[in-house]
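Coordinate analysis (summary)
Chain residues, written in single-letter form:
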Amino acid sequence: MKPNFSLRLRIFNLNCWGIPYLSKHRGDRVKRLGDFLNMESFDLALLEEVWSEQDFQYLRQKLLPTYPAAHYFRSGVIGSGLCVFSKHPIQEFTQHVYTLNGYPYMIHHGDWFCGKAVGLLVLHLSGLVLNAYVTHLHAEYNRQKDIYLAHRVAQAWELAQFIHHTSKKADVVLLCGDLNLHPKDLGCRLLKEWTGLHDAYLETQDFKGSEEGCTMVPENCYVNQRELQPFPFGIRIDYVLYKAVSGFYISCKTLRTTTGRDPHSGTPLSDHEALMATLCVRHSPPQHTPSPTHGGPAERSRLISVLKEAWAEMDLGMAQARWWATFTGYVIGLGLLLLALLCALAAGGGVREVAIMLWTPSVGLLLGAGAIYLFHMQEAKGLSRARAELQHMLGRAREAHDLDPESQAALFLGQQEGDRSEEQ
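Residues numbered from 1 in each chain as written. Predicted model: local features only at pLDDT ≥ 70, side-chain atom pairs only at ≥ 80, totals over all residues. Heavy atoms only, no water.

1. Notes on the overall build of the protein chain
Secondary structure assignment for the protein chain yields 9 helices and 13 strands. In the protein chain, which comprises 424 residues, the proportion classed as buried is 50%. Across the protein chain, contacts joining residues at least 24 apart in sequence account for 74% of those joining residues at least 6 apart. Carbon and sulfur atoms form 58% of the exposed surface of the protein chain, whose accessible area is close to 20,900 Å². (Helix = DSSP H or I, 4+ residues; strand = E, 2+ residues; numbered from the N terminus. Buried < 20%, exposed > 50% of the residue type's maximum accessible area, 1.4 Å probe, protein only. Contact = heavy atoms within 4.5 Å. Areas by Shrake-Rupley, 256 points an atom, 1.4 Å probe, with all protein chains shown as cover.)

Okay, here's the thing in structure tokens:
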């Protein structure tokens, strides 16, 4: 590879809000999205919430001349909703389905049935290996009483670990998607601190788009205005994140967002705003050589802090899951006693008709409680696993921080100052 190697990548990301029979003007929006992608000719287009595989196949045919490579990530009952279109050949692809993804009995939310996941594509571009990830984390629904917080933080940790373990041979890492996390939320900070990914909105040299880079804005006619009342400019929950390993330097030259309406027809492509980033990859000069992800004492301190927060959140979630498992265990016990009593009454013949009438709902209650018990036991184990991983990494980070010479020097100076204060 030549020392003056330079590569420009144009990236498109959009949560398409493509729920069959529920999303407004879905067919028209998918058609206009295809026209827009063909006209712009990005290197990569990464999409979320393409819930209908028919929509993917329509886009696949429409975009074939411009984007010869494409893949649809399948999972869950109705699918992950993730797909990607590429101008460049896809060398490899795989996906990871998140262990925790909401509750099956919260049918009106539906996240559990989707099988939320992260998809990975490996591209070879002029000798450079690019790992591109696309994902969609669990929705928030209620920020004041977020019952899915532990699940979303666990997903962010799984995502960070998946990227960490699958990107060791990559020269450049790219993550796009709807994280359903505000920039300062715990899950977002955990993901960035552990992986070392940079935020295109914060790093770009040239930004144009919605106020504060928001990707759900009040100007969008498809957005629930009531949910955005606490946020006058909107919220930023969709991201383009990236990093390059040693030997390469990556920068975001431009970042654009849509602003609540399609520039051609005047109506939005989705209830989310699209992100369009231009990234430049080149050999890194000495002054731009990336430091290790957790290299300095300041970075280690931030990492330790966020790992502690995530561990505490996993602990709370695990306690809640175990409470529900215990509660449904008692319900199962009572249900079994009730069934035994009904069997005795039916055998005695005194109130046989009443016992037979109560038999079916009692069995239904027992089966339902059993299913909920099994689910929450599985949830507790998933959260326990994430907590154990976080605790281990927290211990390693603390050891590295304690052994850092700069930290020891700072501690020594602090002790000296303390001694002087005592002498005075």
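2. Quick notes on the pattern of salt bridges
Two side chains carrying opposite charge are able to pair once their charged atoms lie near each other. Inspection of every chain in the model, using the stated rule, returns 18 salt bridges. Here Arg143 ties to Glu140 by a salt bridge, and the two come within 2.7 Å at their closest N and O atoms. Using a relative accessible area of 33% as the deciding quantity, one classes Arg143 as partly exposed. On the basis of relative accessibility, which here comes to 16%, the residue Glu140 falls in the buried class. Beyond isolated ion pairs, a larger network of salt bridges with shared partners links Glu140, Arg143, Asp146, Arg152 and Asp185. (Salt bridge = Lys/Arg side-chain N within 4 Å of Asp/Glu carboxyl O.)

3. Concerning the sheet that holds strand 9 (residues 198-199)
Strand order in the open sheet formed by 6 strands is 5-6-7-8-11-9, with mixed pairing between adjacent strands. Each edge of the open sheet carries a strand with a single partner, namely strand 5 (90-97) and strand 9. Pairing geometry for strand 5 and strand 6 (residues 117-125), over 7 bridges, is antiparallel. Directly across from Glu92, in strand 6, lies its bridge partner Val122. Strand contacts of helix 5 (residues 186-195): strand 8 (172-178), strand 9 and strand 11 (238-244), with the helix running at about 10° to strand 11, the strand carrying the most contacts. (Pairing = 2+ DSSP bridges. Axes fitted to C-alpha atoms, helices over the stretch in contact; angles between N-to-C directions.)

4. So, the packing of helix 4 (residues 149-166) against helix 5
At a minimum axis separation of 9 Å, helix 4 and helix 5 run at an interaxial angle of 15°. The orientation of helix 4 relative to helix 5 falls into the category roughly parallel. Note on packing geometry: the crossing formed by helix 4 with helix 5 is right-handed. Contact residues: helix 4 offers Val153, Ala156, Trp157, Leu159, Ala160, Gln161, Ile163 and His164, while helix 5 offers Leu186, Gly187, Leu190, Leu191, Trp194 and Thr195. (Parallel < 35°, antiparallel > 145°, perpendicular 65-115°, else oblique. Left-handed = near helix turned anticlockwise from the far one by under 90°.)

5. Describing helix 2 (residues 53-63)
For helix 2, the complete set of buried residues consists of Asp55, Phe56, Leu59, Arg60 and Leu63. Down the axis of helix 2, the sector holding all buried residues measures 140°, keeping them to one side. What points out from helix 2, more than 90 degrees from its buried face, is the exposed set Gln54 and Gln61. The elements touched by buried residues of helix 2 are helix 1 (26-40), strand 2 (44-50), strand 3 (69-73) and strand 4 (82-86). (Arc of directions from axis to C-beta.)

6. Structural notes on the packing of aromatic side chains
Summed over all chains, the structure comprises 18 aromatic pairs. With centroids separated by 5.2 Å and ring planes inclined at 40°, the aromatic side chains of Phe12 and Phe42 adopt a geometry described as tilted. In this pair, Phe12 is assigned in strand 1 (residues 6-18) and Phe42 in the loop between helix 1 and strand 2, connecting sequence segments 30 residues apart. With relative accessibility at 0%, the residue Phe12 sits in the buried group. Overall, the relative accessible area of 0% leaves Phe42 in the buried class. Here Trp112 and Phe113 contribute two aromatic rings whose centre-to-centre distance is 5.2 Å and whose plane-to-plane angle is 90°, an arrangement assigned as edge-to-face. Residue class for Trp112 comes out partly exposed when judged on its relative accessible area of 36%. The exposure class assigned to Phe113 is partly exposed, which follows from its relative accessible area of 24%. Members of the aromatic cluster, connected to one another through ring pairs, are Tyr103, Tyr105, Tyr141, Tyr148 and Phe375. (Phe/Tyr/Trp six-rings, centres within 6.5 Å; stacked < 30°, edge-to-face > 60°.)

7. Concerning the environment of Ala277
With respect to the element layout, Ala277 can be found in strand 13 (residues 275-283). Residues Ala277 and Asn13, 264 residues apart in the sequence, show an inter-C-alpha distance of 8.7 Å. Apart from the residues lying within four places of it in its own chain, the contact partners of Ala277 are Leu9, Arg10, Ile11, Val240, Cys252, Thr254 and Leu255.

8. Topic: the packing of helix 1 against helix 2
In contact at an axis separation of 10 Å, helix 1 and helix 2 are set at 30° when each is read in the N-to-C sense. Here helix 1 lies roughly parallel to helix 2, going by the angle between them. For the pair helix 1 and helix 2, the sense of crossing is right-handed. In this structure, helix 1 uses Arg26, Val30, Lys31, Leu33, Gly34, Asp35, Leu37 and Asn38 to contact helix 2, whose residues at the interface are Asp55, Tyr58, Leu59, Lys62 and Leu63. Residue composition of the contact of helix 1 with helix 2, by class: 6 nonpolar, 2 polar and 5 charged. (Nonpolar A, V, L, I, M, F, W, Y, C, P; charged D, E, K, R; others polar.)

9. As for the pairing of strand 2
Looking along a regular strand, one sees side chains alternate from face to face of the sheet. Counting buried residues along strand 2, 7 of its 7 residues qualify, which places the element largely inside the surrounding structure. Looking at chain direction, strand 1 and strand 2 are connected through 6 bridges and run parallel. Note on strand 2: the bridge partner recorded for Phe12 is Ala45.

10. So, unusual backbone geometry
Keep in mind that most residues, glycine aside, have a negative phi and that most peptide bonds are trans. The backbone of His25 sits at a positive phi, close to 55°, despite the residue not being glycine. Structurally, His25 is set in the loop between strand 1 and helix 1. Positive phi outside glycine occurs at Asn180, with the angle close to 50°. Overall, the relative accessible area of 10% leaves Asn180 in the buried class.

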